[in-house]
Amino acid sequence: MDKLLIQGGQSLSGSVKISGAKNSVLPMLCASVMPTTGVVQLENVPHLQDVTTTTRLLTQMGVSVTMDEFMNISLDPSAIDNFYAPYDLVKTMRSSILVLGPLLSRFGEAKVSLPGGCAIGLRPVDMHLKALKKMGAEIKVERGYITARSKRLVGANITFEKKTVTGTENIIMAASLAKGLTKISNAANEPEISDLCLFLNKMGAKISGYGTDMIEIDGVDALKGTKHKPLPDRIEAGTFMIAAAITRGDVEINNIVPKHSYAVIEKLIEAGAEITSTDNSIRVKMRQRPKAVDIETNAYPYFPTDMQAQMTALNSVAKGDSYVRENIFENRFMHVQELERMGALIKVDDNTATISGTKKLLAAPVMATDLRASASLILAGLAAEGTTEIARVYHIDRGYDCIEEKLQLIGARISRKPM
Ligand code: EPZ
């Protein structure tokens, strides 16, 4: 297991190019089992462990996957010979649950390991299963596996009690080949869901209303292959915006959709950053110590939970006190005790972290616990005095494409050391 070493205190400057969105690519990879003719081609796919895991999952089902040196992936489902997602793969990546809807709608059967919880919470999938049952699927959950069968799914009116991103995505994919109309009320409307719907409509699906919380899917009899370039990753973009702010740097972040990051941009302006943007880039300049800002996470378009840990790191060195309230996951403060090891002054009570900004953090050996927590430790290391060592960086490799190379290009003194 590798470690990251970061010598802090360097203001970052220059420009960085953002990769394709992990949370767009993962459902699209799973949807590649659905076409009856043609193949799915995805361009600008990020080089991530979660992408590798998903392609391994698909390959062992019989999907033939080819990838070129530019990370363009082609997936041909014509030789699929099983509909099984085994525990040893699913346990390393919860989003494997996204094969359930596609397999059930295309083949009428699926056996998918329950994802199980992870560092940030129990992560149940009850809403996914309840909705699929309403569409006529027979679902059994036993011995850690979901076994699902259905002659042909039937369109239904689905209302999610809570907004669920992958739940909405699973039902959109299941409904695309169902018989009749499916209406999803209280649908999640993250940009990655709209991107998935655009992709599925290019395959011949009939989906409308995406981007709102009422999505309609008129089931069709067959889908065909298509080519698609997924959205840029707004969470990677937000992470680099905070890297610029926490190091009092001046960084241009390219290949993004600024409007997908408005909630984060608004908070950085409140913290004192100077932000200018074009239609596909944002420049973040922070001339002085950031001001503390209060954060409440919520579903899109509000402040994203996937940026909470990174903002907690910024508030740790900000001027003044702040609170960060996590409204989506029940245990998403694992980064706090690691930040405290670096001198951060944070108190967690239930789902709220109260932070007293300190002038500086001090480098320390710390441990990554989950994907976004590891991003917050990198940000803290960039600002800290001394050299921070971050263990278990396999967490960061799940969701960030070549992060140390990108940071080095804008002046960070960061390197990877095999343990
Ligand atoms: C997606 O996870 C993202 N993952 C997460 O990103 C992101 O943090 C999350 O959405 C929220 O935006 C992918 O897109 C692959 P949810 P998901 O279902 O779909 C509860 C990252 O860092 N819930 O929207 O699993 C759930 O426990 C990852 O890139 C149920 O109770 O999240 C949570 O409290 C981390 N029952 C809330 O809903 C269900 O059946 C929202 O979860 C489903 C969810």
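The preceding data block contains the structure.
Residues numbered from 1 in each chain as written. Predicted model: local features only at pLDDT ≥ 70, side-chain atom pairs only at ≥ 80, totals over all residues. Heavy atoms only, no water.

### Some points on helix 5 (residues 126-134)
- Among the residues making up helix 5, those that are buried are M127, H128, L129, A131 and L132.
- Turning to helix 5, the residues buried within the fold contact helix 4 (100-107), strand 8 (138-142), strand 9 (145-149), strand 10 (157-159) and helix 6 (165-176).
- Where helix 5 ends, the next residue or the one after it, G136, has phi of about 100 degrees, a positive value. (Buried < 20%, exposed > 50% of the residue type's maximum accessible area, 1.4 Å probe, protein only. Helix = DSSP H or I, 4+ residues; strand = E, 2+ residues; numbered from the N terminus. Contact = heavy atoms within 4.5 Å.)

### Side note on a positive patch on the surface
- Together, R248, K291, K319 and K359 line one region of the surface with positive charge.
- With respect to the helices and strands, the residue K359 is situated in the loop between strand 21 (352-356) and strand 22 (365-367).
- Judged by relative accessible area, which is 68%, K359 ranks as exposed. (Patch = residues over 30% accessible without salt bridge, like charges linked within 9 Å, V, L, I, M, F, W, Y side chains within 5 Å. Areas by Shrake-Rupley, 256 points an atom, 1.4 Å probe, with all protein chains shown as cover. Salt bridge = Lys/Arg side-chain N within 4 Å of Asp/Glu carboxyl O. Lys, Arg positive; Asp, Glu negative; His and termini not counted. Charge placed at Lys NZ, Arg CZ, Asp CG, Glu CD.)

### A few points about the site of the ligand
- The immediate surroundings of the ligand are formed by 22 residues, with M127, T164, T166, D306 and I328 found nearest.
- Within the side chain of T164, a nitrogen or oxygen atom sits 2.7 Å from an oxygen atom of the ligand.
- At 2.6 Å, a backbone N or O of I328 approaches an oxygen atom of the ligand.
- About the coverage of the ligand: the protein hides 89% of its 820 Å² of free accessible area.
- Top element by residues in the shell around the ligand is helix 5. It accounts for three residues.
- Tallied by class, residues from the shell around the ligand come to seven nonpolar, six polar and nine charged.
- Residues lining the shell around the ligand come from more than one domain, with at least three contributed by each of domain 1 (2-19 + 232-418) and domain 2 (22-228). (Near = heavy atom within 4 Å. Polar contact = N/O pair within 3.5 Å; in protein donor to acceptor, adjacent residues only side chain to side chain. Nonpolar A, V, L, I, M, F, W, Y, C, P; charged D, E, K, R; others polar. Domains from an automatic or database assignment.)

### Description of the packing of helix 6 against helix 7 (residues 191-202)
- Running from N to C, helix 6 and helix 7 point in directions that differ by 15 degrees, and their axes come no closer than 10 Å. When the interaxial angle is binned, helix 6 and helix 7 end up roughly parallel. Where helix 6 crosses over helix 7, the handedness of that crossing is right-handed. Of the residues in helix 7, those in contact with V165, T168, E169, I172, M173 and S176 of helix 6 are E192, I193, L196, C197 and L200.
- Taken together, the residues of the contact of helix 6 with helix 7 break down into seven nonpolar, two polar and two charged. (Axes fitted to C-alpha atoms, helices over the stretch in contact; angles between N-to-C directions. Parallel < 35°, antiparallel > 145°, perpendicular 65-115°, else oblique. Left-handed = near helix turned anticlockwise from the far one by under 90°.)

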